[in-house]
Amino acid sequence: MTKKLARNASRSDASGEISAGVVHKMPADLRKVLTSSPAARVAWEDITPLARNEWICWIEEAKKPETRSHRIERTRSELVDGKRRPCCWAGCPHR
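Quantities reported herein were computed from a predicted structural model and do not represent experimental measurements.

Trainee: How would you explain the nonpolar core if you had to name every residue and give the values?
Mentor: Within the largest apolar cluster, 16 residues are counted, with the highest numbers of intra-cluster contacts made by Met 26, Leu 30, Leu 34, Trp 44, Ile 47, Trp 55 and Leu 79. Counting residues per element, the ones that place at least two in this core are helix 2 (28–36), helix 3 (38–46), helix 4 (49–60) and helix 5 (65–80). The biggest single contributor to this core is helix 4, with five residues. Apart from residues lying up to four places away in sequence, Leu 30 is in contact with Trp 44, Ile 56, Ile 59, Ile 72 and Thr 75.

Trainee: Give me the packing of aromatic side chains: which residues, what numbers.
Mentor: Tallied over the full model, the rule gives one aromatic pair. On the basis of an interplanar angle of 75° and a centroid distance of 5.8 Å, the ring pair of Trp 55 and Trp 58 is categorised as edge-to-face. Here Trp 55 and its partner Trp 58 are both found in helix 4, three residues apart, which amounts to about one turn of the helix.

What counts, and at which threshold
Residues numbered from 1 in each chain as written. Predicted model: local features only at pLDDT ≥ 70, side-chain atom pairs only at ≥ 80, totals over all residues. Heavy atoms only, no water. Core = buried A, V, L, I, M, F, W, Y, C linked by side-chain atoms within 4.5 Å. Buried < 20%, exposed > 50% of the residue type's maximum accessible area, 1.4 Å probe, protein only. Helix = DSSP H or I, 4+ residues; strand = E, 2+ residues; numbered from the N terminus. Contact = heavy atoms within 4.5 Å. Phe/Tyr/Trp six-rings, centres within 6.5 Å; stacked < 30°, edge-to-face > 60°.

Listed below in structure tokens is the structure:
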């Protein structure tokens, strides 16, 4: 883990807060997944507020509960793998 990631992780853990996006608030189901995965939480805190906004909007635009669940799990997995934004998506229309 880089020093920057470690610093962000300790700051995030100390406050108990998870950063949200620019426009979108943190959904409870995403918060639950991020708090249960330390690596995903560290990666989440390391991305920009605009990038967090993109992930949240992508999740919230799912029409079916199954799609939303899949996107939340994919967010966790892809953050751990180093991805910084959702792939193959036009982007948040709300910013």
